[in-house]
Amino acid sequence: DVNNAFANVMQTIRARHPDMRFVVNQGFSIANARPDLVSGIQHESLLSLIAGGHPSWPNEQLAKLKALHDSTGMPVFLAEYGDPWSSQARAMAQQIMQMGFVPYITGRDPTTGHNWQLPGLGYNIQPGW
């Protein structure tokens, strides 16, 4: 079972490093099975996909995040891509915070489509930090 294997690895790491925290990227399975080991869950581009008129998948993912957050209190981090200095980014960050989630808006790279190296906009974080 993948969840058991992943949980065993997490427990081993935590035994050696009790201050270690795990944030999983779209890790619904492990987060639901072992919320005691998962400190947060992250997802990206959901609001952009919804705004772009994509099929129901982003809304389904958002509903899963909300359910997990509501049942466990686990922090949810939503990453979006765009100009972190823009009013659109500020509005998106506000929307994410109103959902009870933690926002992070970072810039786009023309090659990869995203850029985690750009100091972006987040919860109590201003762009360019």
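Presented here is a report on the structure given in the accompanying data block.

Conventions used here
- Residues numbered from 1 in each chain as written.
- Predicted model: local features only at pLDDT ≥ 70, side-chain atom pairs only at ≥ 80, totals over all residues.
- Heavy atoms only, no water.
- Buried < 20%, exposed > 50% of the residue type's maximum accessible area, 1.4 Å probe, protein only.
- Helix = DSSP H or I, 4+ residues; strand = E, 2+ residues; numbered from the N terminus.
- Pairing = 2+ DSSP bridges.
- Right-handed = clockwise from strand over helix to strand, strands pointing away.
- Contact = heavy atoms within 4.5 Å.
- Axes fitted to C-alpha atoms, helices over the stretch in contact; angles between N-to-C directions.
- Expected span 1.5 Å × (residues − 1).
- Arc of directions from axis to C-beta.
- Core = buried A, V, L, I, M, F, W, Y, C linked by side-chain atoms within 4.5 Å.
- Lys, Arg positive; Asp, Glu negative; His and termini not counted.
- Salt bridge = Lys/Arg side-chain N within 4 Å of Asp/Glu carboxyl O.
- Polar contact = N/O pair within 3.5 Å; in protein donor to acceptor, adjacent residues only side chain to side chain.

**Description of the pairing of strand 4 (residues 102-106)**
Summarising burial for strand 4: 4 of the 5 residues are buried, a large majority. As paired strands, strand 3 (residues 76-81) and strand 4 are joined by 5 bridges and run parallel to one another. Bridge pairing links Leu78 to Pro103 in strand 4. Assessed by its sense of winding, the connection that carries the chain from strand 3 through helix 5 (residues 87-98) to strand 4 is right-handed. Bridge count for strand 4 against strand 5 (residues 121-122) is 2 bridges, and the pairing is antiparallel.

**Re the sheet that holds strand 3**
Judged by pairing direction, the sheet is mixed, and its 5 strands sit side by side in the order 1-2-3-4-5 without closing on themselves. Since the sheet does not close on itself, it has two edges, and those belong to strand 1 (23-25) and strand 5, each with one partner. As paired strands, strand 1 and strand 2 (residues 40-44) are joined by 3 bridges and run parallel to one another. What sits directly across from Asn25, in strand 2, is Gln42. Sheet strands touched by helix 4 (residues 57-72): strand 2 and strand 3. Its angle to strand 2, the strand with the most contacts, is close to 165°.

**Details of helix 4**
Its 16 residues give helix 4 an end-to-end C-alpha distance of 23 Å, which sits within 8% of 22 Å, the value for a rise of 1.5 Å per residue. Among the residues of helix 4, Pro58, Gln61, Leu62, Leu65, Leu68 and His69 are the ones counted as buried. Summarising the axial view, the buried residues of helix 4 lie within an arc of 125°, below the 170-degree limit, and thus occupy one face. Counted as exposed and oriented over 90 degrees from the buried face of helix 4: Asp70 and Ser71.

**Concerning the nonpolar core**
In terms of nonpolar packing, the biggest core is built from 25 residues, with Ile41, Leu65 and Leu78 touching the most fellow members. Secondary-structure elements contributing two or more residues to this core are helix 1 (2-16), helix 2 (28-33), helix 3 (46-51), helix 4, strand 3 and helix 5. Counting residues per element, this core draws most heavily on helix 5, which supplies 4 residues. In this structure, Leu78 is in contact with His43, Leu46, Leu62, Leu65, Ile96, Met99, Phe101, Val102, Pro103 and Tyr104, ignoring residues within four places of it in sequence.

**Section: the environment of Met99**
By secondary structure assignment, the location of Met99 is in the loop between helix 5 and strand 4. A C-alpha to C-alpha distance of 18 Å links Met99 and Tyr81, two positions 18 residues apart in sequence. Each residue touching Met99, except ones within four places of it in the same chain, is listed here: Leu47, Leu62, Lys66 and Leu78.

**Here we look at the side chain of Arg14**
Its place among the elements puts Arg14 in helix 1. Nearest to the buried, unbridged Arg14 among oppositely charged side chains is Asp36, at 6.5 Å. Polar contacts involving the side chain of Arg14 include one to the main-chain carbonyl oxygen of Leu37, which spans 3.3 Å. Here Ser39 takes part through its side chain, which lies 3.4 Å from a polar atom of the side chain of Arg14. Setting aside chain neighbours within four positions, we find Arg14 in contact with Met20, Arg21, Phe22, Asp36, Leu37 and Ser39.

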